[in-house]
Amino acid sequence: MSEQQQQALSDGYDPFEAFDDVIGGDLRDPYADFAEKRAKTPVWKGSLIGQDMMPEGMVPPESWTAFRFDDCSRILRSAKTFSSTGYDSTIGMVMGHMILGMDDPEHRLHRNLVANAFREKSLARWEADLIGPICNELIDRFARRGSADLVRELTFEFPVRVIARLLGLPEEDFAQFQRWSIELIGLGADIERGLAASESLKNYFAGVVAERRRSPREDVISDLVTADIDGEKLTDEAINSFLLLLLPAGAETTYRSSGNLLFLLLTHPDQLTAVQQDRTLLDQAIEEALRLEPPLLMINRTATTEIELGDVTVPAGGDIATCLGSANHDEERWENPDAFDIFRKPQQHLAFAFGPHMCLGMHLARLETRIVVNAVLDRLPNVRLDPDGDDPHIRGLIFRSPTSVPVLFDA
(Lines give C-alpha, C1' and ligand atoms only; values in the text may rest on other atoms or scores of the structure.)
Protein backbone atom coordinates (compact mmCIF):
# COMPACT_ATOMS: atom_id res chain seq x y z
CA MET A 1 0.00 0.00 0.00
CA SER A 2 1.30 3.46 -0.88
CA GLU A 3 2.19 6.05 1.75
CA GLN A 4 -0.62 8.21 0.36
CA GLN A 5 -3.14 5.41 0.82
CA GLN A 6 -1.89 4.84 4.37
CA GLN A 7 -2.36 8.54 5.14
CA ALA A 8 -5.85 8.44 3.65
CA LEU A 9 -6.67 5.40 5.78
CA SER A 10 -5.47 7.09 8.95
CA ASP A 11 -8.94 8.57 9.50
CA GLY A 12 -10.70 5.31 8.64
CA TYR A 13 -11.16 6.22 4.97
CA ASP A 14 -10.53 3.48 2.40
CA PRO A 15 -10.56 5.02 -1.10
CA PHE A 16 -11.45 1.76 -2.79
CA GLU A 17 -14.33 0.95 -0.44
CA ALA A 18 -15.67 4.49 -0.87
CA PHE A 19 -15.62 3.96 -4.62
CA ASP A 20 -16.82 0.37 -4.73
CA ASP A 21 -20.10 1.15 -2.98
CA VAL A 22 -21.46 2.58 -6.25
CA ILE A 23 -20.35 -0.19 -8.57
CA GLY A 24 -23.99 -1.03 -9.17
CA GLY A 25 -24.54 -4.26 -7.29
CA ASP A 26 -23.22 -7.77 -7.71
CA LEU A 27 -25.01 -8.61 -10.94
CA ARG A 28 -22.63 -10.83 -12.88
CA ASP A 29 -24.56 -11.32 -16.10
CA PRO A 30 -26.96 -8.67 -17.39
CA TYR A 31 -26.49 -9.93 -20.94
CA ALA A 32 -29.11 -12.68 -20.86
CA ASP A 33 -31.77 -10.08 -20.01
CA PHE A 34 -30.38 -7.76 -22.69
CA ALA A 35 -30.62 -10.54 -25.30
CA GLU A 36 -34.26 -11.19 -24.38
CA LYS A 37 -35.08 -7.49 -24.68
CA ARG A 38 -33.29 -7.24 -28.05
CA ALA A 39 -35.51 -10.06 -29.28
CA LYS A 40 -38.84 -9.03 -27.73
CA THR A 41 -38.76 -5.32 -26.79
CA PRO A 42 -35.77 -3.74 -28.55
CA VAL A 43 -37.02 -0.28 -27.52
CA TRP A 44 -38.32 -0.89 -24.02
CA LYS A 45 -40.37 1.55 -21.97
CA GLY A 46 -38.45 1.56 -18.74
CA SER A 47 -35.06 2.29 -17.17
CA LEU A 48 -32.37 -0.11 -16.01
CA ILE A 49 -31.52 2.40 -13.29
CA GLY A 50 -33.93 1.96 -10.41
CA GLN A 51 -35.01 4.85 -8.22
CA ASP A 52 -33.04 3.27 -5.38
CA MET A 53 -29.79 3.30 -7.39
CA MET A 54 -29.49 7.06 -7.89
CA PRO A 55 -30.12 10.22 -5.84
CA GLU A 56 -33.65 11.62 -5.86
CA GLY A 57 -34.31 13.76 -8.91
CA MET A 58 -31.62 12.17 -11.09
CA VAL A 59 -33.81 9.42 -12.58
CA PRO A 60 -36.47 10.67 -15.06
CA PRO A 61 -40.08 9.70 -14.24
CA GLU A 62 -40.65 8.22 -17.70
CA SER A 63 -37.98 6.76 -19.92
CA TRP A 64 -37.15 4.30 -22.70
CA THR A 65 -34.13 2.10 -23.34
CA ALA A 66 -32.77 0.95 -26.72
CA PHE A 67 -31.04 -2.44 -26.87
CA ARG A 68 -30.10 -3.08 -30.52
CA PHE A 69 -26.88 -1.87 -32.10
CA ASP A 70 -28.57 -0.11 -35.02
CA ASP A 71 -30.98 1.82 -32.80
CA CYS A 72 -28.26 2.78 -30.31
CA SER A 73 -25.86 3.97 -33.00
CA ARG A 74 -28.67 5.94 -34.67
CA ILE A 75 -29.46 7.71 -31.39
CA LEU A 76 -25.82 8.55 -30.70
CA ARG A 77 -25.23 9.79 -34.26
CA SER A 78 -28.37 11.95 -34.43
CA ALA A 79 -27.47 14.80 -32.10
CA LYS A 80 -30.21 17.10 -33.43
CA THR A 81 -32.94 14.58 -32.72
CA PHE A 82 -31.45 13.17 -29.52
CA SER A 83 -30.05 15.91 -27.29
CA SER A 84 -27.37 15.58 -24.62
CA THR A 85 -28.58 18.52 -22.52
CA GLY A 86 -30.36 16.27 -20.03
CA TYR A 87 -27.02 15.72 -18.31
CA ASP A 88 -27.14 19.30 -17.02
CA SER A 89 -29.88 18.34 -14.56
CA THR A 90 -28.19 15.11 -13.43
CA ILE A 91 -24.41 14.98 -13.14
CA GLY A 92 -24.37 18.70 -13.98
CA MET A 93 -25.35 19.12 -10.33
CA VAL A 94 -21.72 18.50 -9.38
CA MET A 95 -19.85 19.27 -12.58
CA GLY A 96 -21.60 22.35 -13.88
CA HIS A 97 -22.40 23.01 -17.54
CA MET A 98 -19.94 20.66 -19.18
CA ILE A 99 -19.14 19.45 -22.68
CA LEU A 100 -21.03 16.18 -22.08
CA GLY A 101 -24.29 18.12 -21.69
CA MET A 102 -23.84 20.46 -24.66
CA ASP A 103 -25.35 20.35 -28.14
CA ASP A 104 -23.94 21.99 -31.27
CA PRO A 105 -22.78 24.60 -32.00
CA GLU A 106 -21.70 25.08 -28.37
CA HIS A 107 -20.49 21.49 -28.13
CA ARG A 108 -18.39 21.68 -31.29
CA LEU A 109 -16.65 24.87 -30.14
CA HIS A 110 -15.80 23.55 -26.69
CA ARG A 111 -14.76 20.15 -28.02
CA ASN A 112 -12.41 21.76 -30.54
CA LEU A 113 -10.85 23.88 -27.79
CA VAL A 114 -10.08 20.92 -25.52
CA ALA A 115 -9.59 18.14 -28.07
CA ASN A 116 -5.97 18.89 -28.95
CA ALA A 117 -4.72 17.93 -25.51
CA PHE A 118 -6.23 14.46 -25.90
CA ARG A 119 -5.31 13.58 -29.47
CA GLU A 120 -3.08 10.56 -29.95
CA LYS A 121 -0.12 12.67 -31.10
CA SER A 122 -0.46 14.96 -28.09
CA LEU A 123 -0.58 12.03 -25.68
CA ALA A 124 2.54 10.45 -27.19
CA ARG A 125 4.68 13.09 -25.45
CA TRP A 126 3.50 11.78 -22.06
CA GLU A 127 3.91 8.04 -22.65
CA ALA A 128 7.61 7.49 -21.94
CA ASP A 129 8.20 10.33 -19.49
CA LEU A 130 5.02 10.24 -17.43
CA ILE A 131 2.48 7.44 -17.92
CA GLY A 132 4.93 4.54 -18.19
CA PRO A 133 6.91 5.55 -15.09
CA ILE A 134 3.72 5.84 -12.99
CA CYS A 135 2.73 2.30 -13.94
CA ASN A 136 6.18 0.98 -13.06
CA GLU A 137 6.20 2.86 -9.74
CA LEU A 138 3.03 1.03 -8.75
CA ILE A 139 4.32 -2.37 -9.86
CA ASP A 140 7.58 -1.76 -7.96
CA ARG A 141 5.59 -2.03 -4.72
CA PHE A 142 4.70 -5.68 -5.24
CA ALA A 143 6.97 -7.04 -8.00
CA ARG A 144 9.22 -8.87 -5.52
CA ARG A 145 6.31 -10.35 -3.56
CA GLY A 146 5.05 -12.98 -6.00
CA SER A 147 1.40 -12.06 -5.47
CA ALA A 148 -0.84 -9.02 -5.85
CA ASP A 149 -4.38 -7.81 -6.36
CA LEU A 150 -4.12 -6.11 -9.74
CA VAL A 151 -7.23 -4.00 -9.09
CA ARG A 152 -6.47 -2.57 -5.65
CA GLU A 153 -2.73 -2.32 -6.19
CA LEU A 154 -2.53 -1.24 -9.84
CA THR A 155 -5.52 -0.49 -12.04
CA PHE A 156 -7.52 1.48 -9.47
CA GLU A 157 -4.87 4.00 -8.49
CA PHE A 158 -3.06 4.22 -11.83
CA PRO A 159 -5.45 6.44 -13.87
CA VAL A 160 -6.04 8.94 -11.03
CA ARG A 161 -2.28 9.36 -10.65
CA VAL A 162 -1.92 9.77 -14.41
CA ILE A 163 -4.58 12.48 -14.50
CA ALA A 164 -2.98 14.29 -11.56
CA ARG A 165 0.38 14.26 -13.36
CA LEU A 166 -1.16 15.28 -16.71
CA LEU A 167 -2.78 18.24 -14.97
CA GLY A 168 0.54 19.18 -13.42
CA LEU A 169 -0.61 18.84 -9.81
CA PRO A 170 2.08 18.65 -7.11
CA GLU A 171 2.92 15.23 -5.67
CA GLU A 172 1.98 16.28 -2.16
CA ASP A 173 -1.62 16.93 -3.32
CA PHE A 174 -2.17 13.49 -4.86
CA ALA A 175 -3.76 11.81 -1.82
CA GLN A 176 -6.29 14.59 -1.25
CA PHE A 177 -6.94 14.89 -4.98
CA GLN A 178 -7.63 11.15 -5.18
CA ARG A 179 -10.03 11.32 -2.26
CA TRP A 180 -12.01 14.22 -3.71
CA SER A 181 -12.04 12.51 -7.11
CA ILE A 182 -13.44 9.27 -5.70
CA GLU A 183 -16.07 11.10 -3.66
CA LEU A 184 -17.12 13.04 -6.76
CA ILE A 185 -17.38 9.87 -8.85
CA GLY A 186 -19.29 8.22 -5.99
CA LEU A 187 -22.10 10.77 -6.16
CA GLY A 188 -24.72 8.03 -6.52
CA ALA A 189 -23.81 6.50 -3.15
CA ASP A 190 -23.63 9.72 -1.14
CA ILE A 191 -24.89 12.88 -2.82
CA GLU A 192 -23.87 15.21 0.02
CA ARG A 193 -20.34 13.82 -0.02
CA GLY A 194 -20.25 14.19 -3.81
CA LEU A 195 -21.43 17.82 -3.68
CA ALA A 196 -18.85 18.67 -1.00
CA ALA A 197 -16.08 17.06 -3.07
CA SER A 198 -17.24 18.98 -6.14
CA GLU A 199 -17.00 22.28 -4.25
CA SER A 200 -13.56 21.40 -2.88
CA LEU A 201 -12.27 20.49 -6.33
CA LYS A 202 -13.71 23.68 -7.86
CA ASN A 203 -11.88 25.78 -5.29
CA TYR A 204 -8.69 23.79 -5.75
CA PHE A 205 -8.78 24.02 -9.56
CA ALA A 206 -9.55 27.76 -9.42
CA GLY A 207 -6.18 28.37 -7.81
CA VAL A 208 -4.34 26.12 -10.26
CA VAL A 209 -6.02 27.66 -13.32
CA ALA A 210 -5.23 31.20 -12.11
CA GLU A 211 -1.58 30.24 -11.61
CA ARG A 212 -1.38 28.65 -15.10
CA ARG A 213 -2.84 31.78 -16.69
CA ARG A 214 0.05 33.69 -15.12
CA SER A 215 2.71 31.08 -15.87
CA PRO A 216 1.78 28.31 -18.34
CA ARG A 217 3.67 25.01 -18.09
CA GLU A 218 3.89 21.74 -20.02
CA ASP A 219 0.65 20.24 -18.72
CA VAL A 220 -2.99 19.80 -19.71
CA ILE A 221 -4.34 22.70 -17.62
CA SER A 222 -1.89 25.02 -19.40
CA ASP A 223 -3.10 23.59 -22.74
CA LEU A 224 -6.67 24.43 -21.74
CA VAL A 225 -6.00 28.00 -20.56
CA THR A 226 -4.01 28.81 -23.72
CA ALA A 227 -6.34 27.05 -26.20
CA ASP A 228 -7.56 29.44 -28.90
CA ILE A 229 -9.70 28.77 -31.99
CA ASP A 230 -10.62 31.79 -34.11
CA GLY A 231 -10.11 34.05 -31.12
CA GLU A 232 -12.27 31.97 -28.80
CA LYS A 233 -10.83 30.88 -25.46
CA LEU A 234 -12.24 28.74 -22.68
CA THR A 235 -13.64 30.58 -19.66
CA ASP A 236 -12.55 29.58 -16.16
CA GLU A 237 -16.02 28.07 -15.63
CA ALA A 238 -15.72 25.94 -18.79
CA ILE A 239 -12.22 24.77 -17.81
CA ASN A 240 -13.43 23.89 -14.33
CA SER A 241 -16.38 21.87 -15.66
CA PHE A 242 -14.12 20.02 -18.07
CA LEU A 243 -11.64 19.18 -15.32
CA LEU A 244 -14.43 17.84 -13.11
CA LEU A 245 -15.73 15.72 -16.01
CA LEU A 246 -12.22 14.43 -16.69
CA LEU A 247 -12.17 12.61 -13.35
CA PRO A 248 -15.03 10.13 -13.88
CA ALA A 249 -14.55 10.03 -17.65
CA GLY A 250 -10.81 9.41 -17.41
CA ALA A 251 -10.17 7.68 -14.13
CA GLU A 252 -13.23 5.46 -14.07
CA THR A 253 -13.14 4.37 -17.70
CA THR A 254 -9.51 3.27 -17.55
CA TYR A 255 -9.78 1.65 -14.11
CA ARG A 256 -12.66 -0.49 -15.29
CA SER A 257 -11.58 -1.24 -18.87
CA SER A 258 -8.03 -2.24 -17.94
CA GLY A 259 -9.32 -4.43 -15.10
CA ASN A 260 -11.81 -6.06 -17.45
CA LEU A 261 -9.11 -6.85 -20.02
CA LEU A 262 -6.69 -8.28 -17.46
CA PHE A 263 -9.46 -10.46 -16.00
CA LEU A 264 -10.55 -11.70 -19.44
CA LEU A 265 -7.00 -12.55 -20.51
CA LEU A 266 -6.26 -14.34 -17.23
CA THR A 267 -9.44 -16.40 -17.55
CA HIS A 268 -8.63 -17.26 -21.19
CA PRO A 269 -5.05 -18.60 -20.89
CA ASP A 270 -4.74 -19.49 -24.58
CA GLN A 271 -5.44 -15.89 -25.57
CA LEU A 272 -3.17 -14.59 -22.80
CA THR A 273 -0.36 -16.74 -24.19
CA ALA A 274 -1.04 -15.45 -27.69
CA VAL A 275 -0.72 -11.83 -26.52
CA GLN A 276 2.40 -12.63 -24.50
CA GLN A 277 4.04 -14.12 -27.56
CA ASP A 278 2.82 -11.50 -30.05
CA ARG A 279 2.24 -8.04 -28.59
CA THR A 280 0.79 -6.81 -31.88
CA LEU A 281 -2.36 -8.66 -30.77
CA LEU A 282 -2.76 -6.37 -27.76
CA ASP A 283 -4.62 -3.62 -29.60
CA GLN A 284 -7.29 -6.02 -30.85
CA ALA A 285 -7.47 -7.60 -27.40
CA ILE A 286 -8.19 -4.13 -25.97
CA GLU A 287 -11.00 -3.57 -28.50
CA GLU A 288 -12.50 -7.01 -27.90
CA ALA A 289 -12.56 -6.46 -24.13
CA LEU A 290 -14.17 -3.04 -24.63
CA ARG A 291 -16.81 -4.65 -26.85
CA LEU A 292 -17.53 -7.59 -24.59
CA GLU A 293 -17.36 -5.74 -21.26
CA PRO A 294 -17.67 -1.97 -21.74
CA PRO A 295 -16.92 -0.11 -18.50
CA LEU A 296 -20.17 1.89 -18.78
CA LEU A 297 -23.31 0.16 -20.03
CA MET A 298 -25.60 3.13 -20.69
CA ILE A 299 -25.61 6.65 -22.15
CA ASN A 300 -28.70 8.87 -22.00
CA ARG A 301 -30.25 11.23 -24.52
CA THR A 302 -33.44 13.33 -24.69
CA ALA A 303 -35.71 13.30 -27.75
CA THR A 304 -36.09 16.83 -29.16
CA THR A 305 -39.17 15.84 -31.17
CA GLU A 306 -41.61 12.93 -31.33
CA ILE A 307 -39.71 10.12 -33.00
CA GLU A 308 -40.41 6.57 -34.18
CA LEU A 309 -37.75 4.19 -32.96
CA GLY A 310 -38.29 0.59 -33.89
CA ASP A 311 -42.03 0.08 -33.39
CA VAL A 312 -42.20 2.55 -30.48
CA THR A 313 -43.07 6.26 -30.44
CA VAL A 314 -40.89 8.29 -28.09
CA PRO A 315 -42.47 11.69 -27.33
CA ALA A 316 -40.64 14.99 -27.49
CA GLY A 317 -38.81 15.44 -24.21
CA GLY A 318 -38.70 11.70 -23.61
CA ASP A 319 -35.58 10.31 -21.98
CA ILE A 320 -34.00 7.45 -23.90
CA ALA A 321 -31.00 5.42 -22.82
CA THR A 322 -28.72 3.58 -25.22
CA CYS A 323 -27.72 0.25 -23.68
CA LEU A 324 -24.13 0.01 -24.90
CA GLY A 325 -23.65 -3.37 -23.26
CA SER A 326 -26.56 -4.82 -25.21
CA ALA A 327 -25.59 -3.13 -28.49
CA ASN A 328 -22.08 -4.59 -28.21
CA HIS A 329 -23.59 -8.10 -27.88
CA ASP A 330 -26.02 -7.78 -30.80
CA GLU A 331 -26.06 -11.13 -32.62
CA GLU A 332 -27.09 -9.33 -35.82
CA ARG A 333 -23.64 -7.72 -35.86
CA TRP A 334 -21.32 -10.20 -34.11
CA GLU A 335 -21.17 -13.98 -34.37
CA ASN A 336 -21.13 -15.67 -30.96
CA PRO A 337 -21.23 -12.21 -29.31
CA ASP A 338 -21.00 -13.40 -25.70
CA ALA A 339 -17.57 -14.99 -26.25
CA PHE A 340 -14.21 -13.29 -25.66
CA ASP A 341 -12.31 -13.72 -28.92
CA ILE A 342 -9.40 -11.42 -29.69
CA PHE A 343 -9.13 -12.97 -33.15
CA ARG A 344 -12.61 -11.97 -34.36
CA LYS A 345 -12.92 -9.53 -37.26
CA PRO A 346 -12.72 -5.97 -35.87
CA GLN A 347 -15.90 -3.91 -36.12
CA GLN A 348 -16.98 -0.60 -34.63
CA HIS A 349 -18.30 -1.07 -31.10
CA LEU A 350 -20.03 1.48 -28.87
CA ALA A 351 -17.94 1.26 -25.69
CA PHE A 352 -16.81 4.87 -26.21
CA ALA A 353 -20.20 5.94 -27.61
CA PHE A 354 -20.48 7.16 -31.20
CA GLY A 355 -21.14 10.29 -33.21
CA PRO A 356 -20.27 13.87 -32.16
CA HIS A 357 -19.99 12.97 -28.45
CA MET A 358 -17.65 10.03 -28.98
CA CYS A 359 -15.39 9.90 -25.92
CA LEU A 360 -12.61 12.50 -26.00
CA GLY A 361 -10.54 10.42 -23.60
CA MET A 362 -10.66 7.18 -25.59
CA HIS A 363 -7.08 7.54 -26.84
CA LEU A 364 -5.83 8.10 -23.29
CA ALA A 365 -7.84 5.11 -22.01
CA ARG A 366 -6.44 2.85 -24.72
CA LEU A 367 -2.89 4.11 -24.16
CA GLU A 368 -3.08 3.57 -20.41
CA THR A 369 -4.56 0.09 -20.84
CA ARG A 370 -1.82 -0.82 -23.33
CA ILE A 371 0.87 0.38 -20.92
CA VAL A 372 -0.65 -1.48 -17.94
CA VAL A 373 -1.03 -4.82 -19.76
CA ASN A 374 2.43 -4.64 -21.32
CA ALA A 375 3.95 -3.84 -17.93
CA VAL A 376 2.12 -6.74 -16.26
CA LEU A 377 3.30 -9.16 -18.93
CA ASP A 378 6.87 -7.81 -18.90
CA ARG A 379 7.37 -7.55 -15.16
CA LEU A 380 5.26 -10.34 -13.67
CA PRO A 381 6.56 -13.58 -15.21
CA ASN A 382 4.13 -16.49 -15.38
CA VAL A 383 1.30 -14.27 -14.13
CA ARG A 384 -1.86 -16.24 -13.38
CA LEU A 385 -4.99 -16.03 -11.26
CA ASP A 386 -4.46 -17.00 -7.63
CA PRO A 387 -6.59 -20.15 -7.13
CA ASP A 388 -6.88 -19.36 -3.42
CA GLY A 389 -7.93 -15.72 -3.94
CA ASP A 390 -11.45 -14.43 -3.53
CA ASP A 391 -13.70 -15.38 -6.42
CA PRO A 392 -12.84 -12.72 -9.01
CA HIS A 393 -15.54 -11.71 -11.46
CA ILE A 394 -16.80 -8.78 -13.50
CA ARG A 395 -19.95 -7.33 -11.99
CA GLY A 396 -22.34 -4.38 -12.14
CA LEU A 397 -25.37 -3.21 -14.06
CA ILE A 398 -24.43 0.36 -14.97
CA PHE A 399 -20.66 0.31 -14.42
CA ARG A 400 -18.87 -3.01 -14.91
CA SER A 401 -15.51 -4.26 -13.72
CA PRO A 402 -13.92 -6.72 -11.31
CA THR A 403 -13.32 -5.45 -7.80
CA SER A 404 -10.48 -7.90 -7.30
CA VAL A 405 -8.04 -9.70 -9.61
CA PRO A 406 -5.74 -11.71 -7.29
CA VAL A 407 -2.70 -13.09 -9.11
CA LEU A 408 0.44 -15.10 -8.51
CA PHE A 409 3.66 -14.70 -10.50
CA ASP A 410 7.32 -15.62 -10.35
CA ALA A 411 8.95 -13.01 -8.14
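Just so we're clear, the structure is a prediction, and the values are computed from it rather than from any experiment.

Peer 1: An account of the overall build of the protein chain is requested, with residue identities and associated values reported.
Peer 2: Looking only at helices and strands, the protein chain has 17 helices and 12 strands in total. Long-range contacts, defined here as pairs at least 24 residues apart, represent 72% of the contacts in the protein chain between residues at least 6 apart. Carbon and sulfur atoms make up 49% of the accessible area of the protein chain, which amounts to about 17,300 Å² in all.

Peer 1: Tell me about the pairing of strand β2 (residues 63-66), and please be specific about residues and values.
Peer 2: Side-chain alternation along β2 places S63 and T65 on one buried face and W64 and A66 on a second face that is also buried. As defined by bridge partners, strand β1 (residues 43-45) adjoins β2 across 3 bridges and the pair is classed as antiparallel. What sits directly across from W44, in β2, is T65. Where β2 and strand β8 (residues 319-323) come together, 4 bridges link them in parallel fashion. By the bridge assignment, W64 is partnered in β8 with I320.

Peer 1: Run through the side chain of E288, naming residues and quoting values.
Peer 2: Residue placement: E288 occurs in helix α15 (residues 282-292). With residues near it in sequence (within four places) discarded, E288 still touches A339, F340, D341, I342 and R344.

Peer 1: Tell me what's going on with the packing of aromatic side chains, and back it up with residues and numbers.
Peer 2: In the structure shown here, the tally under the stated rule is 9 aromatic pairs. With 5.7 Å between their ring centres and 85° between their planes, Y31 and F34 make a pair best called edge-to-face. Taken as a pair, Y31 and F34 lie in helix α3 (residues 31-40) at a separation of 3 residues, close to a single helical turn. F34 shares its class with Y31; the two are buried. Ring centres of F69 and W334 lie 5.7 Å apart, and the angle between their planes is 85°; on these two criteria the pair is classed as edge-to-face. Taken together, the residues span a long stretch of sequence, with F69 in helix α4 (residues 69-77) and W334 in the loop between α16 (324-327) and α17 (362-379) at a distance of 265 residues. The pair formed by F69 and W334 is uniform in burial state, with each residue classed as buried.

Peer 1: Give me the sheet that holds strand β9 (residues 384-385): which residues, what numbers.
Peer 2: Taken in spatial order, the 3 strands line up as β4-β12-β9 in an open sheet, and their pairing is antiparallel. Among the strands making up the open sheet, the edge pair consists of β4 (147-149) and β9. As paired elements, β4 and strand β12 (residues 406-408) share 3 bridges and run antiparallel to each other. Across the sheet, residue S147 finds its bridge partner in β12, namely L408.

Peer 1: Can you break down the packing of helix α9 (residues 158-166) against helix α10 (residues 174-185) residue by residue, with the values?
Peer 2: At a minimum axis distance of 10 Å, the contact between α9 and α10 shows a crossing angle of 115°. Note that α9 runs across α10; the crossing there is right-handed. On α10, the residues that touch V160, R161, I163, A164 and R165 of α9 are F174, F177 and Q178. Looking at side-chain class alone, the contact of α9 with α10 contains 5 nonpolar, 1 polar and 2 charged residues.

Peer 1: With reference to specific residues and values, describe the pattern of salt bridges.
Peer 2: Enumeration according to the criterion identifies 26 salt bridges in this entry. Measuring nitrogen to oxygen at the nearest pair gives 3.2 Å for the salt bridge that ties R141 to E157. Of this pair, R141 sits in the loop between α7 (120-140) and β4 while E157 is found in the loop between α8 (151-155) and α9, placing the two residues 16 residues apart along the sequence. When its relative accessible area of 33% is taken as the criterion, R141 is described as partly exposed. Exposure remark for E157: the relative accessible area of 1% places this residue in the buried category. We note a salt bridge from R212 to E211, for which the minimum N-O separation is 2.7 Å. With a relative accessible area of 3%, R212 lands in the buried category. For E211, a relative accessible area of 22% puts it in the partly exposed group. Overlapping salt bridges bring together E137, R141, E157, R161, R165 and E171 as one network.

Peer 1: Could you give an account of the packing of α15 against α17, naming the residues involved and the relevant values?
Peer 2: α17 packs onto α15 with a crossing angle of 115° between their chain directions and a minimal axis gap of 10 Å. Crossing angle aside, the handedness with which α15 passes α17 is right-handed. From α15, L282, D283, I286, E287 and L290 reach across to α17, where they touch R366, T369, R370, V373 and N374. Broken down by class, the residue content of the contact of α15 with α17 amounts to 4 nonpolar, 2 polar and 4 charged.

Peer 1: Which residues make up α9, and what values go with them?
Peer 2: Among the 9 residues of α9, 8 are classified as buried, and the element is accordingly described as predominantly covered. Residues of α9 that are buried: F158, P159, V160, R161, V162, I163, A164 and L166. Following α9 by one or two positions, G168 has its phi on the positive side, about 80°.

Criteria and thresholds
Sequence order as written defines residue numbering, which begins from 1 separately in each chain. Local features are withheld for residues below a pLDDT of 70 in this predicted model, meaning they are given only at 70 or higher, and side-chain atom pairs are given and counted only at 80 or more; totals for whole chains, interfaces and linings count all residues. Side-chain numbers come from the whole structure's heavy atoms, not from hydrogens or water. The secondary structure listing takes helices from DSSP runs of H or I that are at least 4 residues long and strands from runs of E that are at least 2 residues long, numbered from the N terminus. It only takes one pair of heavy atoms within 4.5 Å for two residues to be counted as in contact. Exposure was quantified through the Shrake-Rupley algorithm and a 1.4 Å probe, taking into account, for residues, occlusion by the shown protein chains and nothing else. For the exposure calls, accessible area comes from a 1.4 Å probe over protein chains only, and a residue counts as buried if that area is under 20% of its type's maximum, exposed if over 50%, partly exposed in between. Pairing between strands requires that DSSP locate at least two bridges from one strand to the other. Only Phe, Tyr and Trp rings take part, Trp by its six-membered ring, and two of them pair if their centres are within 6.5 Å. Stacked means planes under 30 degrees apart, edge-to-face means over 60, and tilted covers everything else. Interaxial angle, 0 to 180 degrees, is taken between N-to-C directions of lines fitted to C-alpha atoms, where a helix line uses only the stretch in contact. Crossing handedness is defined as follows: a turn of the near helix away from the far one that is anticlockwise and smaller than a right angle gives a left-handed crossing, while the clockwise case is right-handed. Polarity classes work like this: nonpolar for Ala, Val, Leu, Ile, Met, Phe, Trp, Tyr, Cys and Pro, charged for Asp, Glu, Lys and Arg, and polar for all others, with Gly in that last group. Salt bridges are identified by distance alone: a Lys or Arg side-chain nitrogen within 4 Å of an Asp or Glu carboxyl oxygen.

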